[in-house]
Amino acid sequence: MKSKREHDEVSINGEGDRKRRRRSPSPSPSPPPPSAVNGSLSSSLLPLASYDDDEDDENGGEVEAKGLEENRNDHFESDDEEEEEAHGGARGGGRRRDVEVRRDCPYLDTVNRQVLDFDFEKFCSVSLSNLNVYACLVCGKYYQGRGLNSHAYTHSLEAGHHVYINLRTERVYCLPDGYEINDPSLDDIRHVLNPRFTMDQVLQLDINKQWSRALDGSNYLPGMVGLNNIKETDFVNVIIQSLMRVTPLRNFFLIPDNYKDCKSPLVQRFGELTRKVWHARNFKGQVSPHEFLQAVMKSSKKRFRIGAQSDPVEFMSWLLNTLHADLKSASNNRNIIHKCFQGELEVIKEKIHSRAVLEKNENGDEQVKMAGTEDGTTQDDVMLEKYRMSFLMLGLDLPPPPLFKDALEKNIIPQVPLFNILKKFDGISVTEVVRPRIARMRYRVTRLPQYMILHMRRFTKNNFFVEKNPTLVNFPVKNLELKDYIPLEPRKGETLRSKYDLIANIVHDGKPGEGVYRVFVQRKSEELWYEMQDLHVRETLPQMVALSETYMQIYEQQQ
């Protein structure tokens, strides 16, 4: 009986022109002499297979040559073949593609971690394909495949860059030799490519006070990293930074197993972004949300896109509802969005219908006239409609700004306590609406959410322009007690929790349509406040949080 090594040699030498000979493990790209193939290789190395991609027919037999299609498959490996390698063999009884695994690669010292950036879309820089993409660990560029005529193989010969990592399987290869590199020194790159968290690490995030160090020597706090502004995307950055403070939502997305059955690109990209923001072993102290923004553009059908400023309130509403719908469609049906943010309102709607009658005028023509009473007032019918509805955020109406200026010819900027505008939801105050028809509304909060999102209606639109209300809102940073201003009834068997602490405060600066957004967020481990505006992160005092034109807030319920 022949040994496995002899059998491999006979197989290679017996297939003639259909398969090329195995390459030497030498770093030189030149082909090995025939003696190397016939048994002069060192016995310490496993035999190398060819770069040809062995595809199996329906019966698991030999593959027949089929012109250009076979040539294409020979040089660009498919994702299925990568999975076969990862599992040590082919599916369905196919042949196994043996790849030598080595630890003593002479090119490991050429890996340059300074140029590695895995925040951008995983597309080949030449073919623009997202299938079977490798990152060159020497220059940081992305290339497709590692077959003979693949872009990564060509780049290894032209540029002399030999170490590549598969962006999906995280396996590292040396090209053009083709062997796999198994070295623990590359684990830090794998962690940056795909950050991982254990449940114990997740539970320690709000306790850990340790800073991390980037490759450039700068220090950063995990979870408090800056986000790149990719051309007027500050409205997305402030929402991301705010949602990163919602502990149950953050913990849910830090563990990919919670949403592994969800096929939504938006859910997957948001999870990846969450893990990168909280990762303590990043190579740099900032994160680019490029892949997440691409998923947002596609999922929203370009309603929110790079290069166009949008409203963070609209984006927050769309994002939470879309994430919930995508997660609900998955088999696990984890309702994390509603668990964090959903509350309940009781709505009483008074519809006013005026009575109209037909009367004849002096000329004998019929005309519509409102029915009136003896005192001359119009007689209306009032219809009451009472129902309950869920909410994810509450919109608060600001008092109109003054029309006059003071003695110094400066605008008078009014101030209003948060409690005054919260009375809109006490069940007594009346809010008049004109669309879709004139009605009087009364709202009462019947169930408080664990995390309450408030937004101030600062912008009003008319037929000509958008106007901004500069009214300042005075609000407490800690211990916001709602039961003193909103009548709340505890549910059966539940303790009424109506006290909240602020964890995020989004601010708009500048003119409507031209300004920028920034956010104040709290770091729980030290109870410190930080002001974040894109890449700029700096510590601030709690007193400074309330001295700005707040636009949106997230309060956390005290337990």
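Residues numbered from 1 in each chain as written. Predicted model: local features only at pLDDT ≥ 70, side-chain atom pairs only at ≥ 80, totals over all residues. Heavy atoms only, no water.

A. Examining the pattern of salt bridges more closely. Considering all chains together, one arrives at 28 salt bridges under this definition. Of the charged contacts, one joins R523 and E526 as a salt bridge, the two residues approaching to 3.5 Å between their closest N and O atoms. Taking relative accessible area as the criterion, R523 reaches 5% and is therefore assigned buried. One connected set of salt bridges, linked through shared partners, spans E344, E346, K386, R388 and R444. (Salt bridge = Lys/Arg side-chain N within 4 Å of Asp/Glu carboxyl O. Buried < 20%, exposed > 50% of the residue type's maximum accessible area, 1.4 Å probe, protein only.)

B. The confidence of the model for the protein chain, seen in detail. Residues with a pLDDT of 70 or more make up 75% of the protein chain, whose mean pLDDT is 78. Segment residues 1–96 is flagged for pLDDT under 50; beyond a separation of four residues in sequence, or across chains, it makes 151 contacts in the model. (pLDDT = per-residue confidence, 0-100. Contact = heavy atoms within 4.5 Å.)

C. The environment of D326, seen in detail. Take D326: it is sitting in helix 12 (residues 312–329). On the basis of relative accessibility, which here comes to 18%, the residue D326 falls in the buried class. In this structure, the C-alpha to C-alpha distance between D326 and V267, residues 59 residues apart in sequence, is 7.2 Å. For D326, the side chain forms a polar contact with the side chain of S264, separated by 2.8 Å. (Helix = DSSP H or I, 4+ residues; strand = E, 2+ residues; numbered from the N terminus. Polar contact = N/O pair within 3.5 Å; in protein donor to acceptor, adjacent residues only side chain to side chain.)

D. Just helix 9 (residues 247–254), in detail. Most of helix 9 is tucked away: eight of the eight residues are buried. Restricting attention to buried positions, one finds in helix 9 the residues T247, P248, L249, R250, N251, F252, F253 and L254.

E. The arrangement of the pairing of strand 24 (residues 499–509) in detail. Burial within strand 24 is extensive, with nine of its eleven residues counted as buried. As judged from the two bridges shared by strand 23 (residues 480–481) and strand 24, these two strands associate in the antiparallel manner. What sits directly across from L480, in strand 24, is Y500. Here strand 24 pairs with strand 28 (residues 550–557) via seven bridges, running antiparallel. Paired with L502 across the two strands is Y555, which belongs to strand 28. Both strand 24 and strand 25 (residues 516–523) contribute to a ladder of six bridges, which runs antiparallel. Paired with I506 across the two strands is V519, which belongs to strand 25. Linking strand 24 back to strand 25 in an antiparallel pair, the connection comprises six residues, with G510 at a positive phi of about 100 degrees. (Pairing = 2+ DSSP bridges.)

F. Examining helix 5 (residues 151–159) more closely. Looking at helix 5, one finds that the buried residues are A152, Y153, H155 and S156. The buried residues of helix 5 all sit within an arc of 160 degrees when viewed along its axis, so they share a single face. Among the structural elements, strand 2 (133–136), strand 3 (142–144) and strand 4 (163–166) are those in contact with the buried residues of helix 5. Downstream of helix 5 by one or two residues, G160 has phi in the positive range, about 75 degrees. (Arc of directions from axis to C-beta.)

G. View of a nonpolar patch on the surface. Residues L541, M544 and L547 make up a contiguous nonpolar surface patch of roughly 330 Å² in combined accessible area. By the element assignment, L541 lies in the loop between strand 27 (536–540) and helix 15 (542–545). For L541, a relative accessible area of 54% translates into the label exposed. (Patch = residues over 30% accessible without salt bridge, like charges linked within 9 Å, V, L, I, M, F, W, Y side chains within 5 Å. Areas by Shrake-Rupley, 256 points an atom, 1.4 Å probe, with all protein chains shown as cover.)

H. Structural detail: the environment of Q522. By the secondary structure assignment, Q522 is in strand 25. Spatially, the C-alpha atom of Q522 lies 5.3 Å from that of I503, the residues being 19 residues apart in sequence. When sequence neighbours within four positions are dropped, the list of residues in contact with Q522 reads R245, L502, I503, E527, L528 and W529.

I. Representation of the packing of helix 9 against helix 10 (residues 265–277) in the model. Relative to each other, helix 9 and helix 10 sit at 105 degrees, their axes nearing to 8 Å. It follows that helix 9 is roughly perpendicular to helix 10 by the angle criterion. For the pair formed by helix 9 and helix 10, the contact residues are R250, F253 and L254 on the first element and V267, F270, G271, T274 and R275 on the second. Of the residues in the contact of helix 9 with helix 10, the class split is four nonpolar, two polar and two charged. (Axes fitted to C-alpha atoms, helices over the stretch in contact; angles between N-to-C directions. Parallel < 35°, antiparallel > 145°, perpendicular 65-115°, else oblique. Nonpolar A, V, L, I, M, F, W, Y, C, P; charged D, E, K, R; others polar.)

J. Local environment of the pairing of strand 19 (residues 451–456). The element strand 19 is largely enclosed, with a buried count of six among its six residues. Of the two faces of strand 19, both are covered, the one formed by Y451, I453 and H455 as well as the one formed by M452, L454 and M456. Strand direction decides the pairing type here: strand 15 (residues 394–396) and strand 19, joined by three bridges, are parallel. The residue bridging L396 from the neighbouring strand is M456, located in strand 19.

K. Region of interest: the packing of helix 10 against helix 11 (residues 290–299). At their nearest, the axes of helix 10 and helix 11 sit 9 Å apart, and the two run at 160 degrees to each other. Between helix 10 and helix 11, the crossing angle belongs to the class labelled roughly antiparallel. The element helix 10 and its partner helix 11 pack so that their crossing is left-handed. Facing P265, L266, R269, F270, E272, L273 and K276 of helix 10, the residues of helix 11 in contact are E291, F292, A295, V296 and S299. Here the contact of helix 10 with helix 11 is built from residues that sort into seven nonpolar, one polar and four charged. (Left-handed = near helix turned anticlockwise from the far one by under 90°.)

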